[in-house]
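Survey of secondary and tertiary structure
As a plain string of letters, each chain reads:
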Amino acid sequence: MKKESFDPGLTTQFSGELRRTINPDGSFNVRREGLRWRDANPYLMLIDTTWPRFLFVLAMGFLLVNVIFASLYVMIGVVHLRGLESDMGAFANAFFFSFHTLTTVGYGNVYPEGTWANTISSLEAACGLMVFAVATGLLYGRFSRPSARIIYSKKAIIAPYQDGSSLQFRVTNARTNVLMNMEARVLLMTVENSGGILKRNFVDLPLERRGVYFFALTWTVVHPIDSDSPLFGKTREELAKVSAELLILIQGFDDTFSQVVHSRYSYRHDELIWGAKFTPAFKVDGKGDMVVEVNRIDDMKLIG
């Protein structure tokens, strides 16, 4: 039986424009099509989305609910709402009454009268409880979800190492929480044209140190480029020709949440600096405390 080539889950054969596999924000360069409406998970989407988009969706949803109920009040006639402001239109009065009812603030200057008005306002009050329960759950889910904020050096470097050279990049924890038992995996992805078909090759690069027990300072991840390394003897031009990309997965234990957290990143061939060396990004202050200078994680010096 023919042995299949190693595939970490990103497929080995494809056609189309060659783009990076993992974006700088850690997301995969993958888009899904053909999904059915029942496949959508609004909770998951709102938990994973950005804060500006999340707040925008909440605000639009809250306004939409109020517009719907305000329209119902207008439909039955705002004469069933007592104490309306005379200098505002019918819809504006109904909208602000809906706002007060949905939030249960109930100032008391406007109140419903009649069966239909009381029925709608009662339904809205019950709806308001559910709306704010869902919004509270979403906020809690976003704040309580464990996540890693690991900063990567903007460039990876080819640096001297012992009697040869090595591939290196540097990471540090941007937060004050404690991460430990950190592990790193680095895959080298290259693309070759085989009979008109683009084929991806993945190689798991051996590291000088695959893990560290404590992640209190910076960690320089090193792959020694020896005779067994797929990078041995390679030049910039050769790596560019095969669209080389380094795919990185780092995981560790978050002591605050007592859960494992993950982080992804990638470096393309044009994000490698040849003949450089990282300079220290931490120091000891006058009191003897170690100080990590996070803003210096990219600092390096050219050699030769």
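Located above this text is the structure these notes cover.
Being a predicted model, the structure only gives us computed values, none of them experimental. (Residues numbered from 1 in each chain as written. Predicted model: local features only at pLDDT ≥ 70, side-chain atom pairs only at ≥ 80, totals over all residues. Heavy atoms only, no water.)

1. Topic: the overall build of the protein chain
The secondary structure content of the protein chain amounts to five helices and 17 strands. Its C-alpha atoms give the protein chain a radius of gyration of 29 Å, more than 25% over the compact-globule value 19 Å for 304 residues. Counting only C-alpha atoms and orienting by the principal axes, one finds that the protein chain spans roughly 90 × 65 × 35 Å. Buried residues in the protein chain amount to 35% of all 304 residues. Contacts in the protein chain between residues at least 24 apart in sequence constitute 67% of all its contacts with a sequence separation of at least 6. Here the protein chain displays about 19,000 Å² of accessible surface, and carbon together with sulfur accounts for 58% of that area. Averaging the coordinates of the 32 positive side-chain charges in the protein chain and doing the same for the 30 negative ones gives two points 3 Å apart. (Helix = DSSP H or I, 4+ residues; strand = E, 2+ residues; numbered from the N terminus. Rg over C-alpha atoms; globule rule 2.2 N^0.38 Å. Buried < 20%, exposed > 50% of the residue type's maximum accessible area, 1.4 Å probe, protein only. Contact = heavy atoms within 4.5 Å. Areas by Shrake-Rupley, 256 points an atom, 1.4 Å probe, with all protein chains shown as cover. Lys, Arg positive; Asp, Glu negative; His and termini not counted. Charge placed at Lys NZ, Arg CZ, Asp CG, Glu CD.)

2. Some details on the nonpolar core
By size, the foremost hydrophobic cluster in this structure holds 29 residues, and its most contacted members are Tyr152, Leu167 and Phe169. Every element with two or more residues in this core is listed here: strand 4 (150-152), strand 5 (156-161), strand 6 (164-173), strand 7 (179-194), strand 10 (218-225), strand 11 (245-254) and strand 12 (259-268). At five residues, strand 7 tops the list of elements feeding residues into this core. Leaving out residues up to four positions away in the same chain, phenylalanine 169 has contacts with Tyr152, Ser153, Ala156, Val186, Trp219, Thr220, Val221, Ile248, Tyr267 and Phe278. (Core = buried A, V, L, I, M, F, W, Y, C linked by side-chain atoms within 4.5 Å.)

3. Digging into the pairing of strand 5
Burial within strand 5 is extensive, with five of its six residues counted as buried. Judged from the three bridges that link them, strand 5 and strand 13 (residues 272-274) form a sheet pairing that is parallel. When the sheet's bridge partners are listed, isoleucine 157 is paired in strand 13 with isoleucine 273. As paired elements, strand 5 and strand 6 share five bridges and run antiparallel to each other. By the bridge assignment, isoleucine 157 is partnered in strand 6 with glutamine 168. Between strand 5 and strand 6, which pair antiparallel one after the other, the connecting turn spans two residues, and glutamine 162 there sits at a positive phi close to 50 degrees. (Pairing = 2+ DSSP bridges.)

4. Some points on the environment of lysine 154
Tracing the backbone shows lysine 154 in the loop between strand 4 and strand 5. Separated by 143 residues in the primary sequence, lysine 154 and isoleucine 297 place their C-alpha atoms 8.6 Å from one another.

5. Concerning the packing of aromatic side chains
For the structure shown, the criterion picks out 12 aromatic pairs. Plain terms: the ring middles of phenylalanine 95 and phenylalanine 96 are 5.7 Å apart, the flat faces sit at 80 degrees to each other, and that makes the pair edge-to-face. Note on phenylalanine 95: relative accessible area 16%, which makes it buried. Taking 4.5 Å as the distance between ring centres and 5 degrees as the angle between the ring planes, the aromatic pair formed by tyrosine 152 and tyrosine 265 counts as stacked. Here the residue tyrosine 152 occupies a position in strand 4, and tyrosine 265 occupies one in strand 12, the gap between them amounting to 113 residues. The class of tyrosine 152 is buried, set by a relative accessible area of 7%. Aromatic rings pair up to connect Phe62, Phe91, Phe95, Phe96, Phe99 and Phe132 into one cluster. For the cation-ring pair, arginine 142 lies above tryptophan 51, with the distance from its terminal atom to the ring centre recorded as 4.1 Å. (Phe/Tyr/Trp six-rings, centres within 6.5 Å; stacked < 30°, edge-to-face > 60°. Lys NZ or Arg CZ within 6 Å of the ring centre and 35° of its normal.)

6. What about the pattern of salt bridges?
Applying the stated criterion across every chain yields a total of six salt bridges. Residue arginine 145 is joined to aspartate 48 by a salt bridge in which the shortest nitrogen-to-oxygen separation is 2.7 Å. Residue arginine 145 is located in the loop between helix 4 (115-144) and strand 4, and its partner aspartate 48 is located in helix 1 (residues 42-48); the two are separated by 97 residues in the primary sequence. Through salt bridges with shared partners, a single ionic network connects Lys283, Glu293, Arg296 and Asp299. (Salt bridge = Lys/Arg side-chain N within 4 Å of Asp/Glu carboxyl O.)

7. Focus on the environment of phenylalanine 99
As for its placement among the helices and strands, phenylalanine 99 is situated in helix 3 (residues 90-102). Sequence separation of phenylalanine 99 and alanine 148 is 49 residues, and the distance between their C-alpha atoms is 38 Å. With sequence-adjacent residues up to four places away left out, phenylalanine 99 is seen in contact with Phe62, Leu63 and Asn66.

8. Re unusual backbone geometry
Positive phi, close to 50 degrees, is recorded for asparagine 181, a residue that is not glycine. The topology assignment puts asparagine 181 in strand 7. Residue classification places asparagine 181 among the partly exposed positions, given a relative accessible area of 47%. One non-glycine residue with positive phi stands out, namely serine 243, at about 50 degrees.

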